[in-house]
Amino acid sequence: MSRRISLLLIGFAVACHVWPGPTCARQAAAESEQQALVAEGERLWTQSPDPSNPVACATCHRDPAMTRGWAASFPKFKPLPPPHSRVMTLLQANAEAVERHYRPADPLPATTAITAFLTAQAAGVPISPGISVGQPVFPARMQALAGSVLRGKHLYAGRCGHCHKPFDLAPSATAFPRVVKGRAESLEGFIERHQPLQPPLAWDGQATADIMAYLMSQAPGRPIGHHTYQASTEGKEGS
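Residues numbered from 1 in each chain as written. Predicted model: local features only at pLDDT ≥ 70, side-chain atom pairs only at ≥ 80, totals over all residues. Heavy atoms only, no water.

(A) Broad picture of the overall build of the chain. Helix and strand counts for the chain stand at 11 helices and four strands. The burial tally for the chain puts 42% of its 239 residues in the buried class. (Helix = DSSP H or I, 4+ residues; strand = E, 2+ residues; numbered from the N terminus. Buried < 20%, exposed > 50% of the residue type's maximum accessible area, 1.4 Å probe, protein only.)

This is the structure:
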């Protein structure tokens, strides 16, 4: 975060303290809801909700130094058992693990909370799709990611580009998962419902991963952080 932005945020916090008003109250409520979502994700990360299967995410992935970089490395190619290997977003990869280990009727709520927790853990880590710090880089996986980015570029141009410039949207992508009107929302879920006049893209589908791969390719090196979601004409088609 730049010094100028830091000073603006500090100034805003001081102003809210001295002259509290509706805007400050809304911001405080939003921050409280976001913190609750992250806390729920941490609980689900460390404790299985399935009494018959006590294995939790943290049972195997217990090193915070390693998991801290996960959010910055997605989308990336996940070498799952055939035919499921493909480029995935962090939410999609988490959903696969939640379904396999926790076996909930609906994996999305737990997955969204866990993704929010991992994204919060990654605050300040530079975005590096396909590359995890300290892990080997596989050329074939990077080629698969490049193909996903290219498909996402074409999808974005046809579905999103007439309203949202990728350079405007990409830095805001790490504001997700977010809480809207008391409901947790992932960027994948936002993409799924954002184009009511076009066939929806499933939150767990390849096309959604491709669009997000393209977006993240526009923001390499930017730090993960809790940005406010902003796009060039958000709200034009029912955001």
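(B) Layout of unusual backbone geometry. A cis amide bond links Pro 82 with the next residue in sequence, Pro 83, at an omega value of 5 degrees. Summarising the element assignment, Pro 83 is placed in the loop between β1 (76-78) and β2 (86-88). Put simply, Phe 176 and Pro 177 share a cis peptide bond, and its omega is -5 degrees. Along the chain, Pro 177 falls in the loop between α9 (166-169) and β3 (178-180). The backbone of Arg 103 shows a phi angle near 55 degrees, a positive value even though the residue is not glycine. Mapping Arg 103 onto the fold places it in the loop between α6 (90-101) and α7 (108-121). Accessibility expressed as a relative area gives 49% for Arg 103, which makes it partly exposed. Positive phi is not limited to glycine here, since Lys 181 has a value of about 55 degrees. By the secondary structure assignment, Lys 181 is in the loop between β3 and β4 (183-185).

(C) Fine view of the side chain of Arg 86. As for its position among the elements, Arg 86 is in strand β2. One buried charged residue, Arg 86, forms no salt bridge at all, with the nearest opposite charge on Asp 204 at 6.3 Å. Of note is the side chain of Arg 86, whose polar atom sits 2.7 Å from the backbone oxygen of Asp 204. Once you skip the residues sitting within four places of it in the chain, Arg 86 turns out to touch Lys 76, Phe 77, Lys 78, Gln 92, Asp 204, Gly 205, Gln 206 and Ala 209. (Lys, Arg positive; Asp, Glu negative; His and termini not counted. Salt bridge = Lys/Arg side-chain N within 4 Å of Asp/Glu carboxyl O. Polar contact = N/O pair within 3.5 Å; in protein donor to acceptor, adjacent residues only side chain to side chain. Contact = heavy atoms within 4.5 Å.)

(D) Layout of the pattern of salt bridges. Per the stated rule, a full pass over the model turns up six salt bridges. Residues Glu 40 and Arg 43 are paired through a salt bridge, measuring 2.8 Å at the closest nitrogen-oxygen approach. Placement of the pair is Glu 40 and Arg 43 together in helix α2 (residues 22-46), with a separation of three residues, close to one helical turn. Glu 40 sits in the partly exposed class, given a relative accessible area of 33%. Under the relative-accessibility criterion, Arg 43 is labelled partly exposed at 38%. A salt bridge links Arg 103 to Asp 50, with the nearest nitrogen and oxygen atoms 2.9 Å apart. With Arg 103 in the loop between α6 and α7 and Asp 50 in the loop between α2 and α3 (57-60), this pair connects stretches of sequence that are 53 residues apart. With relative accessibility at 13%, the residue Asp 50 sits in the buried group. Counted as one network, the salt bridges with shared partners bring together Arg 178, Glu 185 and Arg 193.

(E) Examining the state of the cysteines more closely. Following the criterion strictly, the structure yields zero disulfides and no others. There is no disulfide at Cys 57, and the cysteine sulfur nearest it, in Cys 60, is 9.0 Å away. Overall, Cys 57 belongs to the buried group, its relative accessible area being 17%. With no disulfide of its own, Cys 163 lies 8.8 Å from the sulfur of Cys 160, the closest cysteine sulfur. Of the residues examined, Cys 163 reaches a relative accessible area of 8% and is grouped as buried. (Disulfide = S-S within 2.5 Å.)

(F) Region of the structure containing the packing of α6 against α7. Close contact between α6 and α7 brings their axes to 9 Å; oriented N to C, the two are set at 125 degrees. Of the possible angle classes, the one that applies to α6 and α7 is oblique. The two elements α6 and α7 meet at a crossing, and its hand is right-handed. Here α6 contributes Leu 90, Leu 91, Asn 94, Ala 95 and Val 98 to the contact with α7, which in turn contributes Leu 108, Ala 110, Thr 111, Thr 112, Ile 114, Thr 115, Leu 118 and Thr 119. Grouping the constituent residues of the contact of α6 with α7 by class yields eight nonpolar, five polar and no charged. (Axes fitted to C-alpha atoms, helices over the stretch in contact; angles between N-to-C directions. Parallel < 35°, antiparallel > 145°, perpendicular 65-115°, else oblique. Left-handed = near helix turned anticlockwise from the far one by under 90°. Nonpolar A, V, L, I, M, F, W, Y, C, P; charged D, E, K, R; others polar.)

So yeah, pure geometry; function would need other evidence.
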